[in-house]
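Residue-level structure breakdown
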Amino acid sequence: QVQLVESGGGLVQAGGSLRLSCAASRRTVSTFVMAWFRQAPGKEREFVARITWSGTSTYYTDSVKGRFTISTDNAKNTVYLQMNSLKPEDTAVYYCASGRIIGFNPSLFGSWGQGTQVTVSS
């Protein structure tokens, strides 16, 4: 029902920055919580950060805390993930997701974007 489109991925050197964008087709109760996940080759998809459209309930996985910032632009129905001080271990496909309840498990999110590749060189 809700279309999510990520953009902003690319190749960056360690220590550099990228800003990912997730454009949502609409904001509804089904998009109460917005989140970013990432998945490296051969690895499970893991939670990165979450936020609600009202700016509450922000949370980050420990490995990115202090380096990544999630935010929203409600006028554009867009969620951002500002990634600073990037490390090679941040290399993954990053996915935007939306859901009705706050959580960390990918199964709780009903809509997903196509993913955008982030590669951090050492």
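Structure report, in brief. Given the structure is predicted, the values throughout are model-derived calculations rather than measurements.

Rules of the game
Residues numbered from 1 in each chain as written. Predicted model: local features only at pLDDT ≥ 70, side-chain atom pairs only at ≥ 80, totals over all residues. Heavy atoms only, no water. Phe/Tyr/Trp six-rings, centres within 6.5 Å; stacked < 30°, edge-to-face > 60°. Helix = DSSP H or I, 4+ residues; strand = E, 2+ residues; numbered from the N terminus. Buried < 20%, exposed > 50% of the residue type's maximum accessible area, 1.4 Å probe, protein only. Salt bridge = Lys/Arg side-chain N within 4 Å of Asp/Glu carboxyl O. Pairing = 2+ DSSP bridges. Axes fitted to C-alpha atoms, helices over the stretch in contact; angles between N-to-C directions.

Applying the stated criterion across every chain yields a total of seven aromatic pairs. The interplanar angle of 50° and the centroid separation of 5.0 Å between the aromatic rings of F37 and W112 together place this pair among those described as tilted. Remark: W112 occurs in strand β10 (residues 109-112) and F37 occurs in strand β4 (residues 33-39); sequence separation between them is 75 residues. On the accessibility criterion, F37 (0% relative accessible area) is buried. Residue W112 is classed as partly exposed on the basis of its relative accessible area of 25%.

Let's shift gears to the pattern of salt bridges. Across all of its chains, the model carries four salt bridges by this definition. Between R38 and E46 there is a salt bridge whose closest N-O contact spans 2.8 Å. For R38, a relative accessible area of 5% puts it in the buried group. For E46, a relative accessible area of 35% puts it in the partly exposed group. Across the pair K65 and D62 runs a salt bridge, and its minimum N-O distance is 3.4 Å. Via salt bridges that share partners, R38, E46, R67 and D90 belong to a single interconnected network.

The next thing to look at is the sheet that holds strand β8 (residues 78-83). Strands sit in the order β1-β3-β8-β7 across an open sheet of four strands; the sheet is antiparallel. Two strands close off the open sheet at either side, each with one partner strand: β1 (4-7) and β7 (68-73). Direction aside, the axes of adjacent strands within the sheet are offset by 15° on average. As judged from the six bridges shared by β7 and β8, these two strands associate in the antiparallel manner. Across the sheet, residue S71 finds its bridge partner in β8, namely Y80.

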